[in-house]
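Next come the chains, spelled out residue by residue.
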Amino acid sequence: MKLLIVDSTNESQAFCARRVESFGRSDMEMLDLKVKLVNEQEFSERVVEADVLVIGSGVGERAIAIARQAQVLAPWIQVVMFVSDSSYGGGAFRSAHSVGVRKVFPDSASPLDFLQELVAIHSDFRKEGRTHEGRVIAVVQAKGGVGATSAAAALAEVCSVYNRRTMLWDLDVETHDLSRSLTVNGAEAKVVSAWVNGSRDIDRESMRDALVPISSDVSVLMAPDKFAESIDLVCHADGIGIAQRIVELSRVLFDVVLVDTCGRLGPATGALIRSADVVLVVIDDTILGLTAVDLYLNFIKGLIGSPDRLCFLVNPCSNALMTVQQIAAELEPAHRLGSAPWRLPALPFETKAALWPGSGQTLYSMGSKSMRQTFDKIARELGLIGVEDSPGDSAGSRDVNGAAGSRAAMRPRGGTTTSWLSRMFGKKGEASTR
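Residues numbered from 1 in each chain as written. Predicted model: local features only at pLDDT ≥ 70, side-chain atom pairs only at ≥ 80, totals over all residues. Heavy atoms only, no water.

Asks: What is the right way to read the sheet that holds strand S5 (residues 103–106) from this model?
Replies: Pairing between the strands of a sheet comes from backbone hydrogen bonds, and it takes one of two forms, parallel or antiparallel. Pairing in this open sheet of five strands is parallel, and the strands run S2-S1-S3-S4-S5 from one edge to the other. Each of the sheet's edge strands pairs with one partner strand only, and the pair in question is strand S2 (34–38) and S5. Across the sheet, the axes of successive neighbouring strands diverge by a mean angle of 20 degrees, strand direction being ignored. Bridge analysis of strand S3 (residues 52–55) against strand S4 (residues 78–83) gives four bridges, and the strand direction is parallel. Residue Val54 lies in a different strand from S4, and its bridge partner there is Val80. Running over the sheet, helix H4 (residues 63–73) touches strand S1 (2–6), S3 and S4 and is turned about 170 degrees from S3. Along the sheet face, helix H6 (residues 111–128) touches S1, S3, S4 and S5 and points at about 170 degrees away from the line of S4. (Pairing = 2+ DSSP bridges. Helix = DSSP H or I, 4+ residues; strand = E, 2+ residues; numbered from the N terminus. Axes fitted to C-alpha atoms, helices over the stretch in contact; angles between N-to-C directions. Contact = heavy atoms within 4.5 Å.)

Here you go:
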């Protein structure tokens, strides 16, 4: 979010900018704040580049004219105004709001009040699609062995083929199935432990240190390396804030965030289910699977809220059991979710599905052409890739340092599954040593 601060002198501009500097580093990074200082003569040339105009108190009564001119030059801009303490009152409010000023603050206002307003503006921008916002998919399961980890890994490969910068978050704090399947291990997990025990802040620098890149487009965030921190993350109430901050920062840095929750319900996974754009419930087509989903829905329906955020992905155990429509018909009378959660096609039955971990392939590339086509459809339906996208398309992105860049700069155009996998597994220890 680009802030343009306008005031009468360099000193008054700097005074206003210090309010922003007093914000926590992580808050600035999650809002993706970029600040530019200008005087009254220069602001008209810069205002079209900004998202938020901050008018300092030094311009006095000229602030109203500046705000009016800004709205003409950049109708989309949000305007925040500071006034002297002596001028703060009903008259200032009426004059400011008449020209479209969003908020008026006195000079003595707390920087936290200013931060709260910027957070609200950023939230509005997200709803309007004006900010870069990665799509978060929480992959959950009602019982083990249904292929949730396989689905998460396969969707990451689809995203890579279509040049979507993707983070795979392994929240399996006990067996680390996703990390082990991708042959990822290393000291990076210590950074996640440091986030949990509070010895390190969650910011761009520590995120970069925590990630294990397995291709130019996909990185893995491992579970904490220590069991105590692992339990605190998924079971302690403090894990809610940690999970939320990881998600907020990941949305800025990545196009897609896939979280393998391992089906565990706790404070952190509850927060993830609430904040995810889609909750992908991977289920099988067995009787035990059906009854497990029935019980699981009783727990998570309240967390999800709207059923529009819920999707079921059926991973069949054989060719002869229930279809998606049959499963929906069994569950709908009790749960009344509507048709939207059942819109994904079932995965084709694949005898080699259990062989991908450590093989150098995922279920996407190891399976048949039908399997690849199905995962492409699923990725499009979940909003991970666009309807018109083709492999190797270049679409704007951000690197882990927050710099905007083209896909062509991150990887060759026309990437294929084979090239992705060769980079991912070409050297056995590459992912862990970086």
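That was the structure; now back to the text.
Asks: Just checking my understanding: could you explain the side chain of Asn315 for this structure?
Replies: With respect to the element layout, Asn315 can be found in the loop between strand S12 (310–314) and helix H15 (324–335). Classification of Asn315 by relative accessible area gives buried; the value is 14%. At a separation of 3.0 Å, a polar atom in the side chain of Asn315 contacts the main-chain carbonyl oxygen of Val146. Setting aside anything within four residues of it in sequence, one finds Asn315 in contact with Val146, Gly147, Val282, Ile283, Asp284, Asp285 and Leu347. (Buried < 20%, exposed > 50% of the residue type's maximum accessible area, 1.4 Å probe, protein only. Polar contact = N/O pair within 3.5 Å; in protein donor to acceptor, adjacent residues only side chain to side chain.)

Asks: Is there a simple way to explain a nonpolar patch on the surface in this structure?
Replies: A contiguous nonpolar patch, built from Val48, Leu73 and Trp76 and spanning about 250 Å² of accessible area, is present on the exposed surface. Structurally, Val48 can be placed in the loop between helix H3 (43–46) and S3. (Patch = residues over 30% accessible without salt bridge, like charges linked within 9 Å, V, L, I, M, F, W, Y side chains within 5 Å. Areas by Shrake-Rupley, 256 points an atom, 1.4 Å probe, with all protein chains shown as cover. Salt bridge = Lys/Arg side-chain N within 4 Å of Asp/Glu carboxyl O.)

Asks: Before we go on, may I ask you to explain helix H1 (residues 10–21) in this structure?
Replies: Each turn of an α-helix holds 3.6 residues, which means side chains three or four residues apart point in the same direction. Under the 1.5 Å per step criterion, the end-to-end length of H1 is 16 Å for twelve residues, consistent within 8% with the ideal 16 Å. Within H1 the residues assigned to the buried category are Ser12, Gln13, Cys16, Ala17, Arg19 and Val20. Considered in projection along H1, the buried side chains sweep an arc of 140 degrees and stay on one side of the axis. Turned more than 90 degrees off the buried face of H1, the exposed positions are Asn10, Glu11 and Glu21. (Expected span 1.5 Å × (residues − 1). Arc of directions from axis to C-beta.)

Asks: Can you help me understand the nonpolar core in this one?
Replies: Across soluble globular proteins, you tend to see nonpolar side chains buried next to one another. Membership of the largest hydrophobic core comes to 44 residues, with the highest contact counts inside it found for Leu155, Leu168, Leu280, Phe375, Leu382 and Leu384. Counting residues per element, the ones that place at least two in this core are strand S6 (135–141), helix H7 (148–161), strand S9 (218–221), strand S10 (256–260), strand S11 (278–283), S12, helix H16 (363–366) and helix H17 (369–381). Of all the elements, H7 adds the most residues to this core, at ten residues. Formed by 31 residues, the second largest nonpolar core is a distinct cluster that contains Leu233, Ile242, Val257 and Ala268. (Core = buried A, V, L, I, M, F, W, Y, C linked by side-chain atoms within 4.5 Å.)

Asks: Would you explain the packing of helix H9 (residues 188–197) against helix H11 (residues 227–235) in this entry?
Replies: Helix packing geometry: the angle between the two helix axes and the distance between the axes. Contact pair H9 / H11: the axes reach a minimum separation of 9 Å and the direction vectors enclose 60 degrees. Relative to H11, H9 is oriented oblique. Remark: the crossing between H9 and H11 carries left-handed chirality. Here H9 contributes Ser193, Val196 and Asn197 to the contact with H11, which in turn contributes Glu229, Asp232 and Leu233. Partitioning the contact of H9 with H11 into residue classes produces two nonpolar, two polar and two charged. (Parallel < 35°, antiparallel > 145°, perpendicular 65-115°, else oblique. Left-handed = near helix turned anticlockwise from the far one by under 90°. Nonpolar A, V, L, I, M, F, W, Y, C, P; charged D, E, K, R; others polar.)

Asks: What exactly am I supposed to notice about the environment of Leu182 here?
Replies: With respect to the element layout, Leu182 can be found in the loop between helix H8 (177–181) and H9. Taking the relative accessible area as the measure of exposure, Leu182 reaches 1% and is therefore buried. C-alpha of Leu182 to C-alpha of Pro357: the two residues are 175 residues apart in sequence and 6.6 Å apart in space.

Asks: Would you take a moment to explain the packing of H7 against H17 for this structure?
Replies: Where H7 meets H17, the axes come as close as 10 Å, and the angle between the chain directions of the two elements is 85 degrees. Viewed along their axes, H7 and H17 adopt a mutual orientation that is roughly perpendicular. On the side of H7, the interface is formed by Ala151, Ala154, Leu155 and Val158, while H17 contributes Phe375, Asp376, Ile378 and Ala379. A breakdown of the residues in the contact of H7 with H17 according to their chemical character gives seven nonpolar, no polar and one charged.

Asks: Honestly, the pattern of salt bridges in this entry has me stumped. Any pointers?
Replies: Two side chains carrying opposite charge are able to pair once their charged atoms lie near each other. If you walk through the whole model with that rule in mind, you get 17 salt bridges. Across the pair Lys143 and Asp284 runs a salt bridge, and its minimum N-O distance is 3.2 Å. Of this pair, Lys143 sits in the loop between S6 and H7 while Asp284 is found in the loop between S11 and helix H14 (287–304), placing the two residues 141 residues apart along the sequence. Overall, Lys143 belongs to the partly exposed group, its relative accessible area being 27%. Judged by its relative accessible area of 4%, Asp284 is buried. Ionic pairing is found between Lys190 and Asp225, a salt bridge with its closest N-O pair at 3.4 Å. Residue Lys190 is located in helix H9, and its partner Asp225 is located in the loop between S9 and H11; the two are separated by 35 residues in the primary sequence. Put simply, Arg25, Glu29, Asp203 and Glu205 are held in one network by salt bridges that share partners.

Asks: I tried to follow H4 on my own but got confused; where do I start?
Replies: Looking only at H4, the buried set comprises Ala63, Ile66, Ala67 and Ala70. Viewed end-on, H4 has its buried residues packed into an arc of 100 degrees, placing them on one side of the element. Looking at the buried side of H4, the elements it contacts are S1, H3, S3 and S4.

Asks: Is there a simple way to explain the packing of aromatic side chains in this structure?
Replies: Each pair of aromatic rings is reported with the distance of its centres and the angle of its planes. Applying the stated criterion to the full structure yields seven aromatic pairs. Seen from their ring centres, Phe82 and Phe114 are 5.3 Å apart, and the 85 degrees between their planes marks the pair as edge-to-face. Separated by 32 residues along the polypeptide, Phe82 in strand S4 and Phe114 in helix H6 bring together distant segments of the chain. Of the two residues, Phe82 and Phe114, neither departs from the other in class, the shared state being buried. Judged by centre distance (4.1 Å) and plane angle (15 degrees), the rings of Phe312 and Trp342 are stacked. (Phe/Tyr/Trp six-rings, centres within 6.5 Å; stacked < 30°, edge-to-face > 60°.)

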